[in-house]
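So you can see what is in the structure, the chains are spelled out below.
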Amino acid sequence: MTTEDPFVTHRGLLFTVAYEMLGSAADAEDVLQESWLRWADVDRSQVREPRAYLVRTVTRQALNRLRALSRSREDYVGEWLPEPLLTSPDVAEDVELAESVSIAMLTVLETLGPTERAVFVLREVFEMPYGEIAEAIGKSAAAVRQIARRAREHVAARRPRVRVGRSEQRAVVERFLLALRTGQLQELLEVMAPDVVMIADGGGIVPAALAPIHGADVVARLLAGLNQKVGVLRTTTVWLNGAPAGRIEFDGESSAVSLVVEDGRITRIYVVRNPRKLTRLDELADISR
């Protein structure tokens, strides 16, 4: 009788750890490949808890990758947004997991340093004991507690304040996409909060605003004008990163749109247009914890 390799058993968890630390599925897959090669050389008889061992291995590799990426992200053209993932509606059943992989949260995590991000993800999302985190990142448990507290306060000050039910989120997404598709300026204005912010990521490859755009009037006019400039604009409601979101196709190009909704109105619009970040929108990601 053969038993499944622990790496295969826990692959969804390991991918999710790496993705939450890096905000990039492509980089997370590279980390898993590097971790698999290390795991292949390990004497399994000496590993008492394969799950914890593998999470530590992936964390170390992800930290190395994150530190190496810091410079390239500083030189990125325009705004850097996380790579969106197609997820099943089941991910939303675990509210904490869905929130942790949301584009809004991953964008907040991007403002943490590499070590703070690793500690926050392992402690707050995966509820790993301080001692295990300390072993994974090479610091004392006392230091990890301090880092966790600072990271928690940093994230709390920046994360969306209100949790929205998935049915309300879907209704607002569909209303927004319909207004976008039909170029209804007034409807766009009504579905957005007055202080809405739109952030777009084209990566210097396709056209996108290089800085955040503030205010419902400006954002609505820009989006309504888009409808008039392109030939055919198609919109689809999809599940991205654990929540209802939008996929937009026009002039042969795709975009993924994630929204933050508070009190029935949109407060944040994240538009990912960089084609290198849109390669996984046709295949469900294995997200778990």
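This text follows the structure it describes.
Calculation criteria
Residues numbered from 1 in each chain as written. Predicted model: local features only at pLDDT ≥ 70, side-chain atom pairs only at ≥ 80, totals over all residues. Heavy atoms only, no water. Core = buried A, V, L, I, M, F, W, Y, C linked by side-chain atoms within 4.5 Å. Buried < 20%, exposed > 50% of the residue type's maximum accessible area, 1.4 Å probe, protein only. Helix = DSSP H or I, 4+ residues; strand = E, 2+ residues; numbered from the N terminus. Contact = heavy atoms within 4.5 Å. Pairing = 2+ DSSP bridges. Axes fitted to C-alpha atoms, helices over the stretch in contact; angles between N-to-C directions. Expected span 1.5 Å × (residues − 1).

K.L.:
Please set out the nonpolar core residue by residue, giving values where relevant.
P.N.:
Judged by nonpolar contacts, the single largest core of 51 residues is most densely connected at F15, Y19, L109, I137 and I287. Elements represented by at least two residues in this core include exactly α2 (11-22), α3 (25-40), α4 (50-74), α6 (103-109), α7 (114-125), α8 (130-137) and α9 (141-156). Not counting the four nearest positions on each side in its chain, I287 is found in contact with F15, T16, Y19, L85, T87, V91, L97 and V101. If you look at the next biggest cluster of nonpolar residues, it comprises 29 residues, including V191, M192, L233 and L259.

K.L.:
Run through the environment of V272, naming residues and quoting values.
P.N.:
Relative to the helices and strands, V272 resides in strand β6 (residues 265-272). Separated by 150 residues in sequence, V272 and L122 place their C-alpha atoms 26 Å apart.

K.L.:
Pulling in residues and values, what's your account of the sheet that holds strand β5 (residues 253-262)?
P.N.:
As summarised here, the arrangement of the six strands in space is β2-β1-β6-β5-β4-β3, forming an open sheet in which the pairing is mixed. Bordering the open sheet on either side are β2 (213-214) and β3 (233-240), each of which pairs with just one other strand. Here strand β1 (residues 192-201) pairs with β6 via six bridges, running parallel. What sits directly across from A200, in β6, is V271. Packing of helix α12 (residues 216-229) onto the sheet brings it into contact with β1, β2, β3, β4 (243-250) and β6, and relative to β1 it is tilted by some 55°.

K.L.:
Which residues make up α12, and what are the values?
P.N.:
Along its 14 residues, α12 runs 20 Å from first to last C-alpha, staying within 8% of the 20 Å computed at 1.5 Å per residue. By the burial criterion, the buried members of α12 are A216, V219, A220, L223, A224, G225 and N227. The inward-facing, buried residues of α12 abut α10 (166-182), α11 (185-191), β1, β2, β3 and β6.

K.L.:
Explain the environment of G215 to me, and be specific about the residues and the numbers.
P.N.:
Position of G215 among the secondary structure elements: in the loop between β2 and α12. Its relative accessible area of 17% is what places G215 among the buried residues. For the pair G215 and A98, spaced 117 residues apart in sequence, the C-alpha to C-alpha distance is 27 Å.

K.L.:
Tell me about unusual backbone geometry, and name the residues and values.
P.N.:
Positive phi, close to 55°, is recorded for E127, a residue that is not glycine. Here E127 lies in the loop between α7 and α8. Given a relative accessible area of 59%, E127 falls into the exposed group. Phi is positive for N241, close to 50°, though the residue is something other than glycine. Here N241 lies in the loop between β3 and β4. Classification of N241 as buried rests on a relative accessible area of 2%.

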